[in-house]
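# What the coordinates show
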Amino acid sequence: NAGVTQTPKFRILKIGQSMTLQCAQDMNHNYMYWYRQDPGMGLKLIYYSVGAGITDKGEVPNGYNVSRSTTEDFPLRLELAAPSQTSVYFCASSRSEYGYTFGSGTRLTVV
Amino acid sequence: AQSVTQLGSHVSVSEGALVLLRCNYSSSVPPYLFWYVQYPNQGLQLLLKYTSAATLVKGINGFEAEFKKSETSFHLTKPSAHMSDAAEYFCAVSDRNTDKLIFGTGTRLQVFP
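So, a few notes on the structure that sits alongside this text.

Quick look at the overall build of chain A now. Secondary structure assignment for chain A yields zero helices and eleven strands. What you see for chain A is a C-alpha radius of gyration of 13 Å, in line with the 13 Å of a compact globule of 111 residues. A buried classification covers 45% of the 111 residues belonging to chain A. Carbon and sulfur atoms form 51% of the exposed surface of chain A, whose accessible area is close to 5300 Å². One way to put it: in chain A the 10 positive side-chain charges average out to a point 9 Å from where the 8 negative ones average out.

So, about the sheet that holds strand β1 (residues 3-7) of chain B. All names here are of chain B. Spatially, β1-β3-β8-β7-β6 is the arrangement adopted by the five strands of the open sheet, whose pairing is antiparallel. Each edge of the sheet is formed by a strand with only one pairing partner; in this case those strands are β1 and β6 (56-58). Strand-to-strand twist of the sheet, defined as the mean angle between neighbouring strand axes without regard to direction, takes the value 20 degrees. By the bridge criterion, four bridges tie strand β3 (residues 19-26) to strand β8 (residues 73-78) in an arrangement that is antiparallel. Bridge pairing links Leu20 to Thr77 in β8.

Turning our attention to the interface of chain B and chain A. Taken together, the contact pairs 20 residues of chain B with 22 residues of chain A. The contact between chain B and chain A buries some 1600 Å² in all, and 57% of this surface belongs to carbon and sulfur atoms. Three residues, Asp99, Lys100 and Phe103 of chain B, lead the burial of chain B against chain A; their summed loss comes to 31% of the area buried on that side. Our count for the chain B to chain A interface comes out at zero salt bridges. In this structure, the connection of chain B to chain A is made through five residue pairs in polar contact (both at pLDDT 80 or more). Secondary-structure elements contributing two or more residues to the side of chain B that touches chain A are β4 (32-38), β5 (44-50) and β10 (101-103) of chain B. For the side of chain B that touches chain A, the per-class residue count stands at nine nonpolar, eight polar and three charged.

Criteria and thresholds
- Residues numbered from 1 in each chain as written.
- Chains lettered and ligands numbered in written order.
- Predicted model: local features only at pLDDT ≥ 70, side-chain atom pairs only at ≥ 80, totals over all residues.
- Heavy atoms only, no water.
- Helix = DSSP H or I, 4+ residues; strand = E, 2+ residues; numbered from the N terminus.
- Rg over C-alpha atoms; globule rule 2.2 N^0.38 Å.
- Buried < 20%, exposed > 50% of the residue type's maximum accessible area, 1.4 Å probe, protein only.
- Areas by Shrake-Rupley, 256 points an atom, 1.4 Å probe, with all protein chains shown as cover.
- Lys, Arg positive; Asp, Glu negative; His and termini not counted.
- Charge placed at Lys NZ, Arg CZ, Asp CG, Glu CD.
- Pairing = 2+ DSSP bridges.
- Axes fitted to C-alpha atoms, helices over the stretch in contact; angles between N-to-C directions.
- Contact = heavy atoms within 4.5 Å.
- Buried area = accessible area lost by both parts, 1.4 Å probe.
- Salt bridge = Lys/Arg side-chain N within 4 Å of Asp/Glu carboxyl O.
- Polar contact = N/O pair within 3.5 Å; in protein donor to acceptor, adjacent residues only side chain to side chain.
- Nonpolar A, V, L, I, M, F, W, Y, C, P; charged D, E, K, R; others polar.

Okay, structure coming up:
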């Protein structure tokens, strides 16, 4: 049972480049989330999804896009990378009150 | 809006001493509350959760937390710290309707020999 799998683990982007952070879960969870973690700031919710075909904005959605075509996958798209998007990104999935299962994270640096 | 406040961004204890990490929440409805631990360069792991059953919740690695509605608190404790407990700890609150988790800013626990 793999849980939540994120790829890549590390990435360096140049300003203005685009990329997609991949997230997949094999627990048949309806809810999925993208967070970013910055030092001393905790985790901030970027986007979330309550099921296939349904997504909604979190606290810090600007500069990001998501899609949810299947229950298993929830990719996060950065269209025009900016230095402010340098962060560690975590994907998570959940089944209501049972708590979240997190992936191991993607460390992104924009230079 | 729901929120959590973690008092103290850094806590240092000696090995064998009591660990107390503080968390206060703000919620207009009965919340679900969680503590997560993050070891260096890893994702977050669930330590324990409160979902309106027993107010004293026991988690993994000897940690426990007590839900106190009158104090709007959910502090994390462990009677005797181990070196392996050194990590960052996050308190989080969940809206039962939306299932979104709102995290505190984290507390980094250092354990000295």
